[in-house]
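Letter by letter, the chains look like this.
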Amino acid sequence: MVRPPLSPEERERGERLGELLRAARHSRSMVEVASAAGISAETLRKIERGRVPTPAFFTVAAVANAVGLPLDELAAATEPVGSGKLTRVT
């Protein structure tokens, strides 16, 4: 199965997700947070840089938990501009 290309809005949302997670990490090392989330530091690096704009929900939930960021806040901050509804983070 071939995945359709991401829209510019989806790419932007992935970049915002990465920025939010990176900011929530504060001074903690990428290795420390990745380990706490049960993912590799390389995966976290790609998410934070927007290179994985649609990471799996459980990956996002694990990283958000590791940095103390509530999922409802993360969802609200990454919803499409002007949509008026919550975005599904995948």
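Everything in this summary refers to the structure shown in the same document.

What counts, and where the lines are drawn
Residues numbered from 1 in each chain as written. Predicted model: local features only at pLDDT ≥ 70, side-chain atom pairs only at ≥ 80, totals over all residues. Heavy atoms only, no water. Core = buried A, V, L, I, M, F, W, Y, C linked by side-chain atoms within 4.5 Å. Buried < 20%, exposed > 50% of the residue type's maximum accessible area, 1.4 Å probe, protein only. Helix = DSSP H or I, 4+ residues; strand = E, 2+ residues; numbered from the N terminus. Contact = heavy atoms within 4.5 Å. Phe/Tyr/Trp six-rings, centres within 6.5 Å; stacked < 30°, edge-to-face > 60°. Axes fitted to C-alpha atoms, helices over the stretch in contact; angles between N-to-C directions. Parallel < 35°, antiparallel > 145°, perpendicular 65-115°, else oblique.

### Here's the deal with the nonpolar core
- In this structure, Leu21, Leu44, Val63, Leu69 and Leu74 are the most contacted members of the largest nonpolar core, which totals 18 residues.
- Among the elements of the structure, helix 1 (8-25), helix 2 (30-37), helix 3 (41-48) and helix 4 (57-67) are those that each provide at least two residues to this core.
- The dominant element in this core, judged by the number of residues it contributes, is helix 4, at 6 residues.
- Beyond its immediate chain neighbours, meaning those up to four positions away, leucine 44 contacts Arg25, Met30, Val33, Ala34, Ile39 and Val63.

### What about helix 4?
- Within helix 4, 8 of the 11 residues are buried, which leaves it mostly tucked inside the rest of the structure.
- Buried within helix 4 we find Thr59, Val60, Ala61, Ala62, Val63, Ala64, Ala66 and Val67.
- Just beyond helix 4, the residue with positive phi is glycine 68, at close to 75°.

### Examining the side chain of arginine 25
- Structurally, arginine 25 is set in helix 1.
- The buried category is assigned to arginine 25, whose relative accessible area is 11%.
- Discounting chain neighbours no more than four positions away, the residues touching arginine 25 are Met30, Val33, Leu44, Glu48 and Val67.

### What about unusual backbone geometry?
- Although it is not a glycine, histidine 26 sits at a positive phi angle of roughly 55°.
- With respect to the helices and strands, histidine 26 occurs in the loop between helix 1 and helix 2.

### Details of the packing of aromatic side chains
- Scanning the entire structure with this criterion turns up 1 aromatic pair.
- Pairing phenylalanine 57 with phenylalanine 58 gives two aromatic rings, centres 5.2 Å apart and planes at 75°, and the pair type is edge-to-face.
- Take phenylalanine 57: its relative accessible area is 40%, and that puts it in the partly exposed class.
- Phenylalanine 58 sits in the exposed class, given a relative accessible area of 69%.

### What about the packing of helix 2 against helix 3?
- Running from N to C, helix 2 and helix 3 point in directions that differ by 105°, and their axes come no closer than 8 Å. Classified by the interaxial angle, the pair formed by helix 2 and helix 3 is roughly perpendicular. Contacts from Met30, Val31, Val33 and Ala34 in helix 2 reach Ala41, Leu44, Arg45 and Glu48 in helix 3.

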